[in-house]
Amino acid sequence: MVLDHFSTVTRRWFEGAFAEPTAAQAGAWASIARGENTLVVAPTGSGKTLAAFLWSLDRLATAGPVEDPSRRCRVVYVSPLKALAVDVERNLRAPLAGLRETARRLGAPVPEITVAVRSGDTPAEDRRRFAAKPADILITTPESLYLILTSQAREALRGVETVIVDEVHAVAATKRGAHLALTLERLDALLDR
């Protein structure tokens, strides 16, 4: 079963929250488990966001924080829309709370996964905070990711292991898409290996 790839805490939370994985989730998790780059194409409401995030949440929860706090950010989520980025951050609260509660109930280590949002609306204080003390997950826009990578804050992204690009069809055939592709190449060149 596809949920066998997850830790006990994640599996128990998912089974308590949902009847079963959607087809999009099952397909995505099987592909990710094989170490493949994965494209999820499915209708609205089919669980694509959780398909994209649950694998990373499980890894963050089981691995715990990294030794070097400046390398803490391990997941970057890129949304073409600021409003979608804010919605995704809000939608992550339930699984994060669920994983913490399930871990407590099972007597397992309680994961403290942090999330930061960076867009054109992010206050300067929050931008400085992320550069000094990165969150585990960064939710951002293509333009803000570019700005991070062209500043000293790029050092906070050296530990990134997973990049999730949402709504890629909205930018793929545009100048914005070409710019995002170059930005992702820049991120790839920065990463610790």
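Here the structure is a predicted model, which means the values were calculated and not measured.

Cut-offs and rules
- Residues numbered from 1 in each chain as written.
- Predicted model: local features only at pLDDT ≥ 70, side-chain atom pairs only at ≥ 80, totals over all residues.
- Heavy atoms only, no water.
- Salt bridge = Lys/Arg side-chain N within 4 Å of Asp/Glu carboxyl O.
- Buried < 20%, exposed > 50% of the residue type's maximum accessible area, 1.4 Å probe, protein only.
- Phe/Tyr/Trp six-rings, centres within 6.5 Å; stacked < 30°, edge-to-face > 60°.
- Helix = DSSP H or I, 4+ residues; strand = E, 2+ residues; numbered from the N terminus.
- Lys NZ or Arg CZ within 6 Å of the ring centre and 35° of its normal.
- Pairing = 2+ DSSP bridges.
- Axes fitted to C-alpha atoms, helices over the stretch in contact; angles between N-to-C directions.
- Contact = heavy atoms within 4.5 Å.

Visitor: Residues and numbers for the pattern of salt bridges, please.
Guide: A side chain of one charge can pair with a side chain of the opposite charge when the charged atoms of the two come close. In total, this model carries twelve salt bridges according to the counting rule given. Of the charged contacts in the structure, one is a salt bridge between Arg34 and Glu36, with a shortest N-O distance of 3.1 Å. Taking the relative accessible area as the measure of exposure, Arg34 reaches 56% and is therefore exposed. Salt bridges sharing partners connect three or more residues here, namely Arg72, Arg74 and Asp136.

Visitor: Describe in detail the packing of aromatic side chains, supporting the description with residues and values.
Guide: In total, this model carries seven aromatic pairs according to the counting rule given. Centre to centre, the rings of Phe6 and Trp29 are 5.0 Å apart; their planes meet at 80°, and the pair counts as edge-to-face. One end of the pair, Phe6, is in the segment before helix H1 (8-17); the other, Trp29, is in helix H2 (residues 23-33), with 23 residues separating them in the sequence. One aromatic cluster in this structure is built from Phe6, Trp13, Phe14, Phe18, Trp29 and Trp55. A cation sits over an aromatic face here: Arg59 above Trp55, 4.0 Å from the ring centre.

Visitor: Give me the lowdown on the sheet that holds strand S2 (residues 115-118), citing residues and values where you can.
Guide: Pairing is parallel across the open sheet formed by four strands, whose spatial order is S2-S3-S1-S4. The open sheet has two edge strands with one neighbour each: S2 and strand S4 (162-165). Ignoring which end each strand starts from, the neighbouring axes of this sheet average 15° apart. Strand direction decides the pairing type here: S2 and strand S3 (residues 137-140), joined by four bridges, are parallel. Residue pairing across strands places Val117 opposite Ile139, the latter belonging to S3. Contacts from helix H4 (residues 82-106) reach strand S1 (75-78), S2 and S3, with the element oriented near 150° to S3.

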